[in-house]
Amino acid sequence: MPLPAIPRRVKIGDAAAFAGTTPRAIRHYHAIGLLAEPERGSDDRRRYGYDDVIRLLWIRRMADAGISLDDIHAAFKGTTSIEQSLARLEDSLASKASAIEAQRAAVNHLREVGSPLGLLSPLVTGRLRDLPPGALRSADLDNLLVTERIFGPLGAATQVDRFIVLATHPELRAEEDRLAEAEAALDDTMSPDDPRIEDLAAQRCDHETALAAAIEKSGLEEALNVLLDQEDEHADEEKDGAGMSVMEAVGKMPYDFSPARVRYEERVIELFHSADQDGDRDPRTC
């Protein structure tokens, strides 16, 4: 039985089809020096021989195994061994596997919680799991998200006490809403020297003092102390969660505060600092 016609050399499309790649990929191999560019025929087209296709097959096998083109190039040149490339690849795959596992855990946690709260650290959501649906407002979640970004999961878990009390004490929530509305009115039309700023800052400090008293009365501090005692256990998680210092965060988080609002925030801090020195207030709520 006669054999079909056996080409001595083939066009780029045939070489690509046999190797399981594309002409575009082959041209890229030429550009980076991974595959020598064959001479062109009388029709000005490249023609690939047996050795070229063999090299293509090895390139594809190595690339499919996850070896980078740079490592493939080095292996062919003999400047590095395939074992070295595989060792680097194994390290890379281990890192990717760890990242994928973390993503799976995050997705599972989000599905269990069933709300955006599930995107926060389990350390945070664990302290909020007993609140009824809708007790947390979107602004509360926003605040916890920012706190977790700056202070890490443990810092956000500490702030949880505030939102539990707000969710379970209607009178404190109403006062929080009133103050938030008044703070929003501190816009560019108000002078930083307006005497209402001083009065509002004092009201905010009184409110934060009432929040601190409610936290202490509720026994939430005991649960918080357990978390603080377990700080070493969550040290790695906290390190991963916190990405910047407070001062860095102040310069990077855009709150679009007017000069009057900035002065108000400064006065709140000053009043709390003064009260803390007198021992009259709990600055943790500020």
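The structure presented is a predicted model; accordingly, all values stated were derived computationally and were not measured.

**Here's the deal with a nonpolar patch on the surface**
Here comes step 1: Taken together, the side chains of M253, Y255, F257 and V262 define a hydrophobic patch exposed on the protein surface, amounting to about 350 Å² of accessible area.
Here comes step 2: In this fold, M253 is placed in the loop between α12 (246–252) and α13 (259–278).
Here comes step 3: The class for M253 is partly exposed, based on a relative accessible area of 37%.

**Examining the pattern of salt bridges**
Here comes step 1: Counting across every chain of the model gives 22 salt bridges.
Here comes step 2: Residue E183 pairs with R204 through a salt bridge whose shortest N-O separation is 2.9 Å. Residue E183 is located in helix α8 (residues 170–184), and its partner R204 is located in helix α9 (residues 195–218); the two are separated by 21 residues in the primary sequence. The same class applies to E183 as to R204, namely buried.
Here comes step 3: Via salt bridges that share partners, R162, E176, E183, R204, E208, R261 and E265 belong to a single interconnected network.

**Some details on the packing of aromatic side chains**
Here comes step 1: For the structure on display, the rule yields one aromatic pair.
Here comes step 2: Measuring from centroid to centroid gives 5.4 Å for Y255 and F257, while their planes differ by 25°, and the two rings are stacked.
Here comes step 3: Judged by relative accessible area, which is 47%, Y255 ranks as partly exposed.
Here comes step 4: On the basis of relative accessible area, F257 is assigned to the partly exposed category, the value being 34%.
Here comes step 5: R55 extends its terminal NZ or CZ atom over the ring of F76, reaching a point 4.0 Å from the ring centre.
Here comes step 6: One Lys or Arg, R261, reaches over the ring of F257 and ends 4.3 Å from the middle of that ring.

Reading the values: the criteria
- Residues numbered from 1 in each chain as written.
- Predicted model: local features only at pLDDT ≥ 70, side-chain atom pairs only at ≥ 80, totals over all residues.
- Heavy atoms only, no water.
- Patch = residues over 30% accessible without salt bridge, like charges linked within 9 Å, V, L, I, M, F, W, Y side chains within 5 Å.
- Areas by Shrake-Rupley, 256 points an atom, 1.4 Å probe, with all protein chains shown as cover.
- Salt bridge = Lys/Arg side-chain N within 4 Å of Asp/Glu carboxyl O.
- Helix = DSSP H or I, 4+ residues; strand = E, 2+ residues; numbered from the N terminus.
- Buried < 20%, exposed > 50% of the residue type's maximum accessible area, 1.4 Å probe, protein only.
- Phe/Tyr/Trp six-rings, centres within 6.5 Å; stacked < 30°, edge-to-face > 60°.
- Lys NZ or Arg CZ within 6 Å of the ring centre and 35° of its normal.

None of this, on its own, says anything about what the molecule does.
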